[in-house]
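Chain residues, written in single-letter form:
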Amino acid sequence: MEKYQRIKQNSQFKRLYQKGVALVSPCLVCYIRNNKVGAVRLGLTVSKKIGSAVLRNRAKRVLRVAARAAVKEGLRSADILLVARGKTPFVKSTRVESELFELLKKGGYLAEKEEK
């Protein structure tokens, strides 16, 4: 299984907010930008407006699961920033995963599967 790298530096987060393409759904916001690293780099943002620490951790867990599925599905090398919205901790991870796939397909960032 391919693994993603994590975005940790504030400058990388700022670059994605300013120069990334924003894709919006009811459960999450995805900022995405191509990179030259050759790997998927992932950042997560969950604000305190989401709720208590328990809810924020659930939101992060749900977003990580969705990102892992997208990387496994053949996501091209890009920097991705997933931002949780108010609904994120209350919906099932499969719904967040399907919304992320829709956003990535709409933006043209999900590599097409080859038919055998």
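Everything here concerns the structure above.
Treat the numbers as computed from the prediction; the structure is a model and nothing was measured. (Residues numbered from 1 in each chain as written. Predicted model: local features only at pLDDT ≥ 70, side-chain atom pairs only at ≥ 80, totals over all residues. Heavy atoms only, no water.)

## Observations regarding the nonpolar core
Test applied: In this text, buried Ala, Val, Leu, Ile, Met, Phe, Trp, Tyr and Cys residues form a nonpolar core when linked through side-chain atoms within 4.5 Å. With a 1.4 Å probe rolled over the protein chains alone, any residue whose accessible area is under 20% of its type maximum counts as buried; one over 50% counts as exposed, and the rest are partly exposed. Only DSSP runs of H or I with at least four residues qualify as helices, and only runs of E with at least two residues qualify as strands; both kinds are numbered from the N terminus onward. Two residues qualify as a contact provided that any one of their heavy atoms is within 4.5 Å of a heavy atom in the partner residue.
Core analysis: the largest hydrophobic core is formed by 31 residues, its most contacted members being Cys30, Leu82 and Leu104. Of all the elements in the fold, those that place two or more residues in this core are β3 (28-34), α2 (53-73), β5 (78-84) and α3 (93-107). The biggest single contributor to this core is α2, with 8 residues. With near-sequence residues (within four places) excluded, Leu104 lies in contact with Cys30, Ile32, Ala70, Leu75, Tyr109 and Leu110.

## Details of the sheet that holds strand β4 (residues 41-45)
Using the following cut-off: For two strands to be treated as a pair, DSSP must find at least two bridges joining them. Working convention: axes come from line fits to C-alpha atoms, limited for helices to the stretch in contact. Angles between N-to-C directions cover 0 to 180 degrees.
Read from one edge to the other, the open sheet built from 5 strands follows the order β1-β4-β5-β3-β2, with strand pairing classed as mixed. The outermost strands of the open sheet, each flanked by one partner alone, are β1 (5-6) and β2 (21-24). In this sheet, β5 lies alongside β4 in parallel orientation, the contact comprising 5 bridges. When the sheet's bridge partners are listed, Leu42 is paired in β5 with Ile80. Contacting β2, β3 and β5, α3 crosses the sheet at an angle of about 40° to β3.

## Structural notes on empty space enclosed by the protein
So the rule is basically this: Cavities and pockets were defined on a 1 Å grid built over protein atoms only: a cavity is a set of grid points that admits a 1.4 Å probe from which the probe cannot escape, a pocket is an open set flanked by protein on both sides within 12 Å along at least five of seven lines, and lining residues are those with an atom within 4 Å of any such point. Grid points are joined across faces, edges and corners, and a volume is the space filled by probe spheres set on the points. Note on residue categories: nonpolar means Ala, Val, Leu, Ile, Met, Phe, Trp, Tyr, Cys or Pro, charged means Asp, Glu, Lys or Arg, and polar means any other residue, Gly included.
Under the criterion given, the structure shown has 1 cavity of 30 Å³ or more. The computed volume of the largest cavity comes to approximately 30 Å³. Lining the largest cavity are Val40, Leu42, Ala67, Ala70, Val71, Leu75, Ile80 and Leu100. In terms of residue count, α2 provides more of the lining of the largest cavity than any other element does, 3 residues in total. Looking at the lining of the largest cavity residue by residue, the class counts come to 8 nonpolar, no polar and no charged.

## Notes on the layout of surface pockets
By volume, the largest pocket amounts to about 170 Å³. Every residue along the wall of the largest pocket is listed here: Tyr4, Arg6, Ile7, Phe13, Leu42, Gly43, Leu44, Lys60 and Arg64. At the level of secondary structure, the elements contributing two or more residues to the lining of the largest pocket comprise β4 and α2. The element that contributes the greatest number of residues to the lining of the largest pocket is β4, accounting for 3 residues. For the lining of the largest pocket, the residue count by class is 5 nonpolar, 1 polar and 3 charged.

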